[in-house]
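Coordinate analysis (summary)
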Amino acid sequence: MTALISIAVIAPLLGGGVSLALRNHRSWRDAAVLSGLGLPAASALVMLAAVAADGTHTVAVGGWAPELGIVLVADMFAALMLPVALTTIFVVEIFAIGQRRARWGADPALSGPLMCVLTSGVSLAFLTGDLFTLFIAFELILVSSYVLLTHQGAAGQVRSGMTYVVMNLLASTLFLFGVAFVYSATGTVNLALLAERIPQLGDGVRFGIGTWFLVVFGTKAAVFPLFSWLPDSYPTAPTTITAVFAGLLTKIGIYAMIRFHTLTVMDDLGPVMLMVAAITMVVGGLGALAQSDIKRILSFHVISQIGYMLMGLGLFSVAGTAAAILFLIHIMPVKAVLFLVGGLIENNEGSSSLDRSGGLAARKPLIAVMFAVPALSLAGIPPFSGFVAKLAVVSAAIDASATVAVVAALVAGALTLLSMWKIWNAVFWSRPAADPSPGPAVRSGAKTMHSATALAVIGTLVVSLLAGPLLDLSTQAAEDLRDRSVYIEAVLP
Amino acid sequence: MSSALLLVVGGLTAVGLYFLTGRSLSRVVLGYSLLGHAAVVALVVAGGSAGEAPIVGQAEPQDMSNPLPQALTLTAIVISFGLTLFLLALAKRQRVLSGDDLVEDDLEDRRIADPDAPPAPDDAGGADHAESEHPADAAAAGAVASGTEGT
């Protein structure tokens, strides 16, 4: 088990390093990246089975006592997130390797290793058992994302990249301040010790810390009103990079929020979170309707969907937290697939602008199907995974009689459907543009891209099929989170 | 705990935030490094009052200052140093592309806010990606793009 947990963090870094060293040998380079991403994904699946069978596992890095050193904790929550996130990155990287010849692709010699560093940060963020290592994990993710976003150096990327970098640097600095506050209030950064000590603090200090981290993680997660950097920067990056960002980065902010705020019993912040969640859902949905570019519409949906997860957390009940976890499992692959399909459309139409596309359903029925499935899932239409996840969130909210949030969730669902309809209408149904296929339709690697997307679509369908067992596992994870003693006893035996 | 250090944290944060709101990237870089310093000093303050160097054999444990915040501080300094360099590189790139280091408006956003405005150069779509195939040409293309934006 120790090996499994370590592999998830170390293997991507090794793979990235080897790939960078072999950057002039294309097939070896890609093989290094793929094994650096595939090995952790496989180990995460085994880890999930192990955690489901016999409970939380911990690794004390370097053999230090948990109060002094770094602990990695694989509890049910982390074990559920890891395989979903790592598999999503793996499939996107296959798409990226297929795309290397296309005009829209990122340079795999550089983006492959960077994606590996990002993956290592993602694993570390899920597994870490202390607040400062969480900061380091965020930095690993963000630093590689800064470079991934701007490494091509085009004007639009540098412009929006600057907003992205500065916003996230500010959030990271606030995170560091937060660590200082927490340390001076409690004398530790270990999450298990914090779970014991923060609830004993006075109300003022406790709320101060809770609200501070709500802002810090909220900026990472792009909740209202801290989302302005997201729809500006995501669409400028190459498809595969945007897919990983949209699928994972904001969700890690939500993950950190669920982890921190349930462990430290911030139940009193619930009403604030619900209000923020309601506004986030509706504002994101309205923003998406106003846009006329596929990638920008999808970027606003990233914001809108964050609201659902925050709503699940804000209920501070087992059902609500379980719903938020299930939503995380559903949204990571779905969001990534939608951006991949957006990339395929861009490849075929020469642009991701709605005005310049049309009639794709007749010419490329496969792309139409691959768009329809995740789009319907995102909008929450049965029988797809989005329906189950949204139903879980809404029914948990009804149980807690949070009427405003329920109404906002339903309105946002309708807005999502409307803007998906807008894309469908413009890209797949409307009369083709005067010049129906501006770019060469078939490029080398197109097959790889299509099969990677198809694989990802199948992945989202698997999530829909397994929704029942996944909800059971999410409920178990939520019970452990709410109970807290499971986590504390595992880390501090 | 020293109130002088707290004042330093407050002062650095205020000046850093003020610089961070500027449009010029060189100011933003300054603001970020000041803010980073403020956070680091805050971490040091969080470690409690100063004492002897925390080396076993040189001082009694109760006289030592707390080593953990110092370790955290060192890590934070390294990260903020690296990121300051990255920001500087970004500012230089922006200068090469547009002749100054100001943060520009999101053109696509402006276009949606005001549909009557003349169509913007393709910001998020093809043009950028076409450039990206030949990074060396991007500077020239960027200069052209900023010329059209000015009109």
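The structure we're discussing is the one just above.
Read on for an overview of the structure. (Residues numbered from 1 in each chain as written. Chains lettered and ligands numbered in written order. Predicted model: local features only at pLDDT ≥ 70, side-chain atom pairs only at ≥ 80, totals over all residues.)

Quick word on the overall build of chain A
Helix and strand counts for chain A stand at 20 helices and two strands. Rg of the C-alpha trace for chain A: 21 Å, near the compact-globule value of 23 Å for 493 residues, within the 12% margin. With respect to the principal axes defined by its C-alpha atoms, chain A has extents near 70 × 55 × 40 Å. Here chain A holds 493 residues, and 65% of them are scored as buried. Restricting the contact set of chain A to residue pairs at least 6 apart, pairs at least 24 apart contribute 79%. (Helix = DSSP H or I, 4+ residues; strand = E, 2+ residues; numbered from the N terminus. Rg over C-alpha atoms; globule rule 2.2 N^0.38 Å. Buried ≥ 20, exposed ≤ 12 C-beta atoms within 10 Å, placed from the backbone. Contact = placed C-beta atoms within 7 Å.)

Some details on the pairing of strand β2 (residues 71-74) of chain A
All names here are of chain A. Residue alternation in β2 divides its side chains into two sets, Val71 and Val73 and Leu72 and Ala74, and both sets are buried. By the bridge criterion, four bridges tie strand β1 (residues 57-60) to β2 in an arrangement that is antiparallel. When the bridges of β2 are listed, Val59 appears paired with Leu72. (Pairing = 2+ DSSP bridges.)

Looking at the nonpolar core
Residues A:Ala125, A:Val179, A:Leu328, A:Val393 and B:Leu43 are the most contacted members of the largest nonpolar core, which totals 216 residues. Ranked by residues supplied to this core, first place goes to helix α13 (residues 318-349) of chain A with 20 residues. (Core = buried A, V, L, I, M, F, W, Y, C linked by C-beta atoms within 7 Å.)

Things to note about the environment of A:Tyr164
Residue and element names in this part refer to chain A. With respect to the secondary-structure elements, Tyr164 resides in helix α6 (residues 155-186). Residue class for Tyr164 comes out buried when judged on the 23 C-beta atoms lying within 10 Å of it. Sequence separation between Tyr164 and Arg29 is 135 residues, and the spatial gap between their C-alpha atoms is 29 Å.

Focus: unusual backbone geometry
Residues and elements named next belong to chain A. Pro225 follows Phe224 through a cis peptide bond whose omega is 0°. Cis geometry marks the peptide bond from Pro382 to Pro383; its omega dihedral reads 5°. Tracing the backbone through its elements, the reader meets Pro383 in the loop between α15 (365-379) and α16 (385-399).

Regarding helix α19 (residues 467-483) of chain A
Between its first and last C-alpha, α19(A) extends 24 Å over 17 residues, near the 24 Å set by a 1.5 Å rise per residue. A:Arg484 lies just past α19(A) and shows a positive phi near 65°. (Expected span 1.5 Å × (residues − 1).)

Here we look at the environment of A:Tyr234
All names here are of chain A. Following the sequence through the fold, Tyr234 ends up in the loop between α9 (229-233) and α10 (239-263). In this structure Tyr234 comes out as buried when scored by C-beta crowding, with 27 C-beta atoms within 10 Å. The spacing of Tyr234 and Gly161 is 73 residues in sequence and 8.8 Å in space, taken between C-alpha atoms. Excluding its chain neighbours within four sequence positions, the residues that come into contact with Tyr234 are Thr242, Phe245, Ala246 and Ser299.

What to know about the packing of helix α11 (residues 270-290) of chain A against helix α12 (residues 294-314) of chain A
Relative orientation and spacing of two packed helices are given, respectively, by the angle between their axes and the distance between those axes. Residues and elements named next belong to chain A. The contact between α11 and α12 brings their axes to 7 Å, and the two run at 160°. Taken together, the axes of α11 and α12 lie roughly antiparallel to each other. Note on packing geometry: the crossing formed by α11 with α12 is left-handed. Residues Gly270, Met273, Leu274, Val276, Ala277, Ala278, Thr280, Met281, Gly284, Gly285, Gly287 and Ala288 of α11 form the contact with α12, whose own contacting residues are Ile297, Phe300, His301, Ile303, Ser304, Ile306, Gly307, Tyr308, Leu310, Met311, Leu313 and Gly314. Looking at the contact of α11 with α12 residue by residue, the classes come out as 15 nonpolar, nine polar and no charged. (Axes fitted to C-alpha atoms, helices over the stretch in contact; angles between N-to-C directions. Parallel < 35°, antiparallel > 145°, perpendicular 65-115°, else oblique. Left-handed = near helix turned anticlockwise from the far one by under 90°. Nonpolar A, V, L, I, M, F, W, Y, C, P; charged D, E, K, R; others polar.)

So, α11(A)
All names here are of chain A. Look at α11: 31 Å from first C-alpha to last across 21 residues, which is about the 30 Å you get at 1.5 Å a residue. Of the positions making up α11, those classed as buried are Met273, Leu274, Val276, Ala277, Ala278, Thr280, Met281, Val283, Gly284, Gly285, Gly287 and Ala288. Residues of α11 that are buried make contact with α9, α12 and α17 (403-429).

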